Amino acid sequence: QVKPMKTLLLTGATGFVGSALLTHLCAHTQYEVRVATRSEPAADLAQTFKTFNVGDFSSSPDWGEALAGVDCVVHMAGRANVMAREKDALSLFRRANTDATLELARHAIEKGVQRFVFISSIGVNGAYTPSTAFDETCPANPHADYAISKFEAEESLKALCDSHAMELVIIRPPLVYAAHAPGNFQRLLKLASTGVPLPFGGVRNSRSMVALENLVDFISLCMVHPRAANELFLVSDGIDISTPDLVRCIGRGMGRRIVMLTIPDPMMRLMASCIGKQNLYTQLCRSLTVNSTKARQLLGWIPPVTTEHALVQAGREYINARSIRS
């Protein structure tokens, strides 16, 4: 049985996942949704939701009014990238992802918030899985500055909530995908749409991912499920897929057959290194698998869509959106 909840405060509501969560909450829930923004919100957002412009989250904003009467906070705002010209990337990530998160949590405790849901990253576990899948019992092994800042936020939140009544839920998603996903998935969609042969014919990897629709469904469950309290979840679609099969599914949605070239792995690694794209090689050619059994067994969660359906749909929506723009 889920616990009743009246008021939710969401950060990161204009982002890729946050905007989808807002849409989901409008369709599936009855309680009041508030949105905290760094700047003046867009007119349509302000008309639909109660919005609070609290300024830069990293500069000790006044959370008082935004948190008054709130039952649950879902915090997904943060910094995902640092520009090449900016110095000391780890410090910038810590300020936005660690310090600002802890500051918000302290104010939430003062205001009597019952539950704090923090969206972290599978990068906390590592960049790839050499053998067995990651699960909630695996030790943290963050390499990238972004993942380090997320892990430090997790640890600080746990220490804080251990001595207070506020419940903490931590969610570490792997790659989140949809037709309008940012980053490498968007690049893959663009590549697949060009019809040029892709160099993945020899890739024999296995990747866990989570469809955007599945992730927002899981977050909304973690907001209210009693057994989610003070738990960590690694969440995925539950089906792993190789990069070649991923591309084939996207191509099916686009209505085209993707031609794939077989290039030896050492050559793929060398090419990626020469153009400074080692991270892209890791994400597209190495394995990263997640055991998300805990989410299903503890909470009874069933992903609403399958990986195959969501990938085909992403390909279809990408092509449709492109044809509309042109």
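Quick look at the structure, then.

Under the criterion given, the structure shown has four aromatic pairs. Ring centres of Y177 and F185 lie 5.6 Å apart, and the angle between their planes is 45°; this geometry places the pair in the tilted category. Owing to a relative accessible area of 2%, F185 belongs among the buried residues under this scheme. Taken together, a centroid distance of 5.4 Å and an interplanar angle of 80° make the contact between F218 and F233 edge-to-face. Here F218, found in helix 7 (residues 212-224), pairs with F233, found in strand 9 (residues 231-234); they are 15 residues apart in sequence, far enough to count as distant. As far as the burial class goes, F218 and F233 line up, both buried. Grouping aromatic residues by their ring pairs yields a cluster made of F218, F233 and W301. The cationic tip of R286 hangs over the ring face of Y128; the distance from NZ or CZ to the ring centre is 3.6 Å. The ring of F233 has K294 sitting right over it, with the charged end atom 5.1 Å from the ring centre.

On to the pairing of strand 5 (residues 115-119). Walk down a regular strand and you will see the side chains alternate between the two sheet faces. Burial runs high along strand 5: five of the five residues are buried. On strand 5, burial covers both faces: R115, V117 and I119 on one face and F116 and F118 on the other are all buried. Alignment of strand 5 against strand 6 (residues 167-172), held across five bridges, turns out to be parallel. Directly across from V117, in strand 6, lies its bridge partner V169.

Basis of the calculations
Residues numbered from 1 in each chain as written. Predicted model: local features only at pLDDT ≥ 70, side-chain atom pairs only at ≥ 80, totals over all residues. Heavy atoms only, no water. Phe/Tyr/Trp six-rings, centres within 6.5 Å; stacked < 30°, edge-to-face > 60°. Buried < 20%, exposed > 50% of the residue type's maximum accessible area, 1.4 Å probe, protein only. Helix = DSSP H or I, 4+ residues; strand = E, 2+ residues; numbered from the N terminus. Lys NZ or Arg CZ within 6 Å of the ring centre and 35° of its normal. Pairing = 2+ DSSP bridges.

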